[in-house]
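Letter by letter, the chains look like this.
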Amino acid sequence: MPPGWSVIRLGEVGSTNDLARQHALNPVDPPTSPLVFRADRQTRGRGRGANSWWSDSGSLTFSVLLDPLAFGLEDRHTPLSSLATAVAVIETVEPWVDRGSVALRWPNDVEIDFRKIAGILPERINGPGGPSLIIGIGLNVRSNLGDAPDEVRRMAAALAEFSDRPIPPEAQESLFDQLLERLDANLRLLAKDDRDLAQQWALRDQLLETPVRIDLGGEIVEGVGGGIGLDGGLRIRNASEDRVVYGGRVLRA
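Here the residue numbering is sequential within each chain, running from 1 through the sequence in written order. Local features in a predicted model are, by the rule used here, given only for residues with pLDDT of at least 70; side-chain atom pairs are given and counted only at 80 or more, and totals for whole chains, interfaces and linings are based on all residues. Calculated side-chain values reflect all of the structure's heavy atoms, with hydrogen atoms and water omitted.

Now for the packing of helix α3 (residues 78–93) against helix α5 (residues 169–191). Where α3 contacts α5, the two axes come as close as 8 Å, and the packing angle between them is 140°. One finds that α3 runs oblique with respect to α5. Seen along the crossing, α3 lies across α5 with a hand that is right-handed. In this structure, α3 uses Leu 80, Ser 81, Ala 84, Thr 85, Val 87, Ala 88, Val 89, Glu 91 and Thr 92 to contact α5, whose residues at the interface are Leu 175, Gln 178, Leu 179, Arg 182, Leu 183, Asn 186, Leu 187 and Leu 190. Residues are grouped as follows: Ala, Val, Leu, Ile, Met, Phe, Trp, Tyr, Cys and Pro are nonpolar; Asp, Glu, Lys and Arg are charged; all remaining types, including Gly, are polar. Its residues placed into classes, the contact of α3 with α5 shows ten nonpolar, five polar and two charged. Lines fitted to C-alpha atoms define the axes, with helix axes restricted to the stretch in contact, and inter-axis angles between N-to-C directions lie between 0 and 180 degrees. For helices the rule is a DSSP run of H or I covering at least 4 residues; for strands it is a run of E covering at least 2, with both sets numbered from the N terminus onward. Here is the rule for angles: anything less than 35 degrees is roughly parallel, anything more than 145 is roughly antiparallel, 65 through 115 is roughly perpendicular, and the remaining ranges are oblique. Helix crossings fall into two classes, left-handed where the near helix is turned counterclockwise from the far one by less than a right angle and right-handed where it is turned clockwise. Any two residues whose heavy atoms approach within 4.5 Å at even a single point are treated as in contact.

To continue, consider the nonpolar core. Take the buried residues of types Ala, Val, Leu, Ile, Met, Phe, Trp, Tyr and Cys, join any two whose side-chain atoms come within 4.5 Å, and each joined set is a nonpolar core. When a residue's accessible area, from a 1.4 Å probe over protein chains only, is under 20% of the maximum for its type it is buried; when over 50% it is exposed; and in between it is partly exposed. Counting 57 residues, the largest nonpolar core has Phe 62, Trp 106, Leu 139, Leu 159 and Trp 201 as its most contacted members. Apart from the residues within four sequence positions on either side, Phe 62 is in contact with Thr 16, Val 36, Phe 37, Arg 38, Ile 135, Gly 136, Ile 137, Phe 176, Leu 179 and Leu 180. Leu 35, Phe 37, Leu 65 and Ile 125 belong to the second largest nonpolar core, which has seven residues in total.

To continue, consider the environment of Gly 138. Within the element layout of this structure, Gly 138 appears in strand β9 (residues 130–140). Classification of Gly 138 by relative accessible area gives buried; the value is 4%. Separated by 36 residues in the primary sequence, Gly 138 and Val 102 have C-alpha atoms spaced 16 Å apart.

Now for the pairing of strand β5 (residues 59–66). Counting buried positions along β5 gives eight out of eight residues, so the element sits mostly inside the fold. On β5, burial covers both faces: Ser 59, Thr 61, Ser 63 and Leu 65 on one face and Leu 60, Phe 62, Val 64 and Leu 66 on the other are all buried. Two strands qualify as a pair provided that DSSP identifies no fewer than 2 bridges between them. Relative to β5, strand β2 (residues 35–42) runs antiparallel, the two sharing five bridges. Its bridge partner being in β5, Ala 39 is matched across the sheet by Thr 61.

Definition used for salt bridges: Asp or Glu carboxyl oxygen within 4 Å of a side-chain nitrogen of Lys or Arg. What the rule picks out here adds up to 21 salt bridges. Two residues, Arg 41 and Glu 12, come together in a salt bridge whose shortest N-O distance is 3.1 Å. You can see Arg 41 sitting in strand β2 and its partner Glu 12 sitting in strand β1 (residues 6–13), a full 29 residues away along the chain. Measuring nitrogen to oxygen at the nearest pair gives 2.8 Å for the salt bridge that ties Asp 193 to Arg 76. Here the residue Asp 193 occupies a position in the loop between α5 and α6 (195–203), and Arg 76 occupies one in the loop between α2 (68–71) and α3, the gap between them amounting to 117 residues. A relative accessible area of 41% places Asp 193 in the partly exposed class. For Arg 76, a relative accessible area of 44% gives the class partly exposed. One salt-bridge network, in which partners are shared between bridges, spans Arg 9, Arg 38, Asp 40 and Glu 173.

So, in structure tokens, the structure goes:
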């Protein structure tokens, strides 16, 4: 556990991001930061847009609430915090991956062999005490995806499926602690605009040199992934022009 971090462990809740938001808007006195809301299970876990996040007891589902100013993070760092967090997730789970390739699916997913094991949802809000940054993380460690909805089973996986070693409950707890430590370190690097951190998310880019279709709302951008820049933008190359996008939904085949 990083120094100064606190964890509130909960049983079954709706959404840890919602709990973190409520706490930021109605802070206790004195406030604690960073504060982690961790649930054994979420029933209304939130993903990007209208997406939801399914979880069970084999999942790590939690939200980090922190003061971005204490880390030196500016508003422009909020979307980049998703990439920094994804790198932290990858660094944490990689020692357990014996089969397959773990990568970052821009802008906020971690996958092994194109199957999603983790999702990240950053939010910056202004409360009575100033700005707060919330980073929601869902990581399938030992999840039983046979109990998940059909659409989740089609695209998701658990870390245990790619490990030749069993992952007992105590190892899942250790992964949680390691992830917080790496997240703390990466957010501090992000505040310094560390180029080595940006190089890590560029090296982990699953969409690099692959066909990409991105829904921008009123437009579909198609081309070949040209890499993730220092500013977090995804470059799309096609016959007519190169474009850099900073949001949107990456469409799956």
